[in-house]
Amino acid sequence: MTETHDNPLEAYVRAALALQGYTFDDVEIAEIVMQFARLETIARTVFEWPLPFASEPAPVFRP
Amino acid sequence: MIGPAGDIAQQIAKGTRSAAAVLAECKALIEARDPDLNCFTAKTFERAEREAAAIDALYAEGKALPPLAGVPYAVKNLFDVEGLVTLAGAKINAGNAPAAADAKIVARMSRAGAILVGALNMEELAYGFLTENHHYGITRNPHDHTRGAGGSSGGSAAAVGAGMLPITLGSDTSGSIRVPASLCGVFGLKPTYGRLPRSGTYPFVNSFDHVGPFANSVLGLALAYDAMQGPDPTDPACAQRAVEPASASLSLPRGTRIGILGGWFHEWADPAARRSVQLAAAALGATEWTELKSAEVARAAAYIVTGAEGGALHRPRLLQQYEDFGPASRSRLVAGGLIPASWVSQAQRVRRHAYREAMDLFERFDLLIAAAAPAVAPRVGQETLLINGRSIPTKAGLGVLTQPISCIGLPVCTAPVWPGEGESPQERALPVGVQLISGPWREALCLAAARTLEQAGIAKLSAL
């Protein structure tokens, strides 16, 4: 494991796991960090896409 | 190989065969072929005998038979079947109580006279495009047992591709009907999001979950689709629309404007997948290429929403039973549950944007063609796909061409095409399906295009 202060993504994963009540050993955390890194790479595509400011999210709640 | 649903129903209605005789043939095929493929996780032969006897009794009494009278079928094991535990491919569900009632669309299939013979294997919790299930085994490809059936509805596609059944049911969150249909060489229909009710099915990603049929003929696909339509207030996503039958007319209207999807859909199609598209386009008279520019970002948006919703859904049991989830699922689900809300919100905005771009495209075209998978079926255990020089993980990459479309809920019929391309004779004998995509609620057009390909001999099943 790298020092978490050198790796914001791992630091985020560790903090978010703790917040959600998960307890894992370092091997499991490394696997989850790898999976989260994949998601983060894909999320960049989503954020880089130019959207009009007023564009709304897809799901609309209809009571 | 069992015949098409339309032929079976007609033979039973005319009295040239009994439902019991059809069921006996079907059971013999399953007993002979399933041990090599591992499609079934449960067989419901006692129920099937009762249902077949009821159909034969109706005939003996001279009463009108329903449209799927005596047609055998089976369902992905995430559909509730009365008396069976709904596994959804997961060990964590194995100790649950059996379902007290059938899923809504299983009940509708029964009402249409179809005969339920069992439940089918799938990827654990529907998370992935393979059916290499850690708990219930690998479902193999009927055309090459060293290869996978695709997923997550792998058992549903392989059972039809192997000639055991004329119809099966599956679900499609990001491609889980279309990818295995493509790899196993069968017809599949992912209807418009909200068209068919999901009540009584085990959820994965509520924003994207669809249900639909596989079949060995377009008419069979349409008959099953018609039988399952109709409003259902117990599924909040189900559109409260009247039944719009498709099976009565499967002719492609004259002047249908058909485009070929380039860009992302061409880049991520290997030579075999491109050849399938070329064959289908030629048979449909399509020559104009077009592009859905937001395809890549729509796929990314689907990936983020899928991770977040799937992770949140399973968090309680991930906290309690992490070791009972398969190794390929659990870390991905936990990671998905950590996705920040801002990513999800942005993904949902992208989704709306991609939908609007697609609607603009449907001003110019009625139907769009793309490959349903980037390549032929991968070998069991194959970690990566190499597509036009680019490597992509198999488990996620098989859905690279389907995910942008289900993200925006469009109806798609997958038709089995045999491109005859590949480096080896084995590869050249494998199918790559094509997606026939239309605007919302236009399933009938997708089915009509598939029927045109079937009549032209371009889309067909391979006899086993």
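Here, every reference points to the structure presented above.
The present account deals with the structure reproduced in this document. (Residues numbered from 1 in each chain as written. Chains lettered and ligands numbered in written order. Predicted model: local features only at pLDDT ≥ 70, side-chain atom pairs only at ≥ 80, totals over all residues. Heavy atoms only, no water.)

A short note on the overall build of chain B
Working step 1: When helices and strands are counted, chain B shows 16 helices and 17 strands.
Working step 2: At 20 Å, chain B has a C-alpha radius of gyration in line with the 23 Å of a compact globule built from 464 residues.
Working step 3: Dimensions of chain B along its principal axes, counting C-alpha atoms only, are 60 × 55 × 45 Å.
Working step 4: Per-residue burial over chain B gives 63% buried out of 464 residues.
Working step 5: At a minimum sequence separation of 6, the contacts of chain B that also span at least 24 residues come to 77%.
Working step 6: Looking at chain B as shown, the accessible area adds up to about 15,300 Å², and 51% of this sits on carbon and sulfur atoms.
Working step 7: With 42 positive and 41 negative side-chain charges, chain B shows a separation of 3 Å between the mean positions of the two kinds. (Helix = DSSP H or I, 4+ residues; strand = E, 2+ residues; numbered from the N terminus. Rg over C-alpha atoms; globule rule 2.2 N^0.38 Å. Buried < 20%, exposed > 50% of the residue type's maximum accessible area, 1.4 Å probe, protein only. Contact = heavy atoms within 4.5 Å. Areas by Shrake-Rupley, 256 points an atom, 1.4 Å probe, with all protein chains shown as cover. Lys, Arg positive; Asp, Glu negative; His and termini not counted. Charge placed at Lys NZ, Arg CZ, Asp CG, Glu CD.)

A look at the interface of chain B and chain A
Working step 1: Taken residue by residue, the interface counts 33 residues in chain B and 30 residues in chain A.
Working step 2: Sorting the residues of chain B by area buried against chain A places Leu338, Trp343 and Arg349 of chain B first, and these three jointly supply 23% of that buried surface.
Working step 3: Remark: the boundary between chain B and chain A carries 0 salt bridges.
Working step 4: Where chain B meets chain A, there are 11 residue pairs in polar contact (both at pLDDT 80 or more).
Working step 5: Sorting the residues of the side of chain B that touches chain A by element identifies helix H10 (295–321), helix H11 (327–336) and helix H12 (341–364) of chain B as the ones contributing at least two each.
Working step 6: The biggest single contributor to the side of chain B that touches chain A is H12 of chain B, with 11 residues. (Buried area = accessible area lost by both parts, 1.4 Å probe. Salt bridge = Lys/Arg side-chain N within 4 Å of Asp/Glu carboxyl O. Polar contact = N/O pair within 3.5 Å; in protein donor to acceptor, adjacent residues only side chain to side chain.)

Examining the pattern of salt bridges
Residue and element names in this part refer to chain B.
Working step 1: The full count for this structure, using the stated rule, is 24 salt bridges over all chains.
Working step 2: Arginine 195 is the partner of glutamate 244 in a salt bridge, and the nearest nitrogen-oxygen pair spans 2.7 Å. One end of the pair, glutamate 244, is in the loop between helix H7 (218–228) and strand S11 (258–261); the other, arginine 195, is in the loop between strand S9 (187–190) and strand S10 (210–215), with 49 residues separating them in the sequence.
Working step 3: Given a relative accessible area of 4%, arginine 195 falls into the buried group.

A word on helix H2 (residues 19–37) of chain B
All names here are of chain B.
Working step 1: Look at H2: 26 Å from first C-alpha to last across 19 residues, which is about the 27 Å you get at 1.5 Å a residue.
Working step 2: Along H2, the largest kink reaches about 30 degrees and is centred on glutamate 31; proline proline 35 follows within four residues of it.
Working step 3: Residues of H2 that are buried include every one of Ala19, Val22, Leu23, Cys26, Leu29, Ile30, Asp34 and Leu37, and no others.
Working step 4: Backbone geometry just after H2 places asparagine 38 at a positive phi near 65 degrees. (Expected span 1.5 Å × (residues − 1). Bend = angle between axes of the 7 residues up to and from the residue.)

A look at the packing of aromatic side chains
Working step 1: This model, assessed by the stated rule, comprises 6 aromatic pairs over all chains.
Working step 2: With centroids separated by 5.0 Å and ring planes inclined at 55 degrees, the aromatic side chains of tyrosine 127 of chain B and phenylalanine 204 of chain B adopt a geometry described as tilted. Placement of tyrosine 127 of chain B in the loop between strand S3 (115–120) and strand S4 (132–133) and of phenylalanine 204 of chain B in the loop between S9 and S10 is noted, with a sequence separation of 77 residues between them. Accessibility assignment for this pair places tyrosine 127 of chain B and phenylalanine 204 of chain B in one class, buried.
Working step 3: Ring pairs connect the aromatic residues Tyr12 and Phe36 of chain A together with Trp343 of chain B, which therefore count as one cluster.
Working step 4: Positioned above the aromatic ring of tyrosine 127 of chain B, the side-chain terminus of arginine 332 of chain B is 3.8 Å from the ring centre. (Phe/Tyr/Trp six-rings, centres within 6.5 Å; stacked < 30°, edge-to-face > 60°. Lys NZ or Arg CZ within 6 Å of the ring centre and 35° of its normal.)

Re the side chain of asparagine 121 of chain B
Working step 1: In this fold, asparagine 121 of chain B is placed in the loop between S3 and S4.
Working step 2: Side chain to side chain, asparagine 121 of chain B and threonine 139 of chain B meet in a polar contact 3.1 Å long.

Digging into the sheet that holds strand S1 (residues 40–43) of chain B
Residues and elements named next belong to chain B.
Working step 1: Spatial strand order, S1-S3-S2-S8-S10-S9-S16-S17-S13-S11-S12: 11 strands in an open sheet with mixed pairing. Bordering the open sheet on either side are S1 and strand S12 (288–290), each of which pairs with just one other strand. Going across the sheet, the axis of each strand differs from the next one's by a mean of 30 degrees, ignoring polarity.
Working step 2: Pairing of strand S8 (residues 167–172) with S10, which is carried by 6 bridges, proceeds in the antiparallel orientation. Within S10, the position partnered with serine 171 by the bridge is valine 211.
Working step 3: Running over the sheet, H7 touches S8, S9, S10 and strand S16 (412–415) and is turned about 145 degrees from S10.
Working step 4: Together, S11, strand S13 (367–371) and strand S17 (434–438) form the strand contacts of helix H9 (residues 271–284), whose direction differs from that of S13 by roughly 155 degrees. (Pairing = 2+ DSSP bridges. Axes fitted to C-alpha atoms, helices over the stretch in contact; angles between N-to-C directions.)

Quick word on the packing of H2 of chain B against helix H3 (residues 45–60) of chain B
Residues and elements named next belong to chain B.
Working step 1: Two elements in contact, H2 and H3, have axes whose closest approach is 8 Å; the angle formed by their N-to-C orientations is 155 degrees. Regarding the angle of H2 to H3, the classification is roughly antiparallel. Once H2 is placed against H3, the crossing between them reads as right-handed. Facing H2, whose interface residues are Ala19, Ala20, Leu23, Lys27, Ile30 and Glu31, H3 presents Phe45, Ala48, Glu49, Ala52, Ile55 and Asp56.
Working step 2: The residue makeup of the contact of H2 with H3, split by class, is 8 nonpolar, no polar and 4 charged. (Parallel < 35°, antiparallel > 145°, perpendicular 65-115°, else oblique. Left-handed = near helix turned anticlockwise from the far one by under 90°. Nonpolar A, V, L, I, M, F, W, Y, C, P; charged D, E, K, R; others polar.)

A closer look at the pairing of S11 of chain B
All names here are of chain B.
Working step 1: Burial along S11 is two-sided: Ile258 and Ile260 facing one way and Gly259 and Leu261 facing the other are all buried.
Working step 2: Across 3 bridges, S11 lies against S13 in parallel orientation. Directly across from isoleucine 258, in S13, lies its bridge partner leucine 367.
Working step 3: Here 3 bridges tie S11 to S12, and the two strands are oriented parallel to one another. Bridge assignment links leucine 261 to a residue of S12, and that residue is threonine 290.

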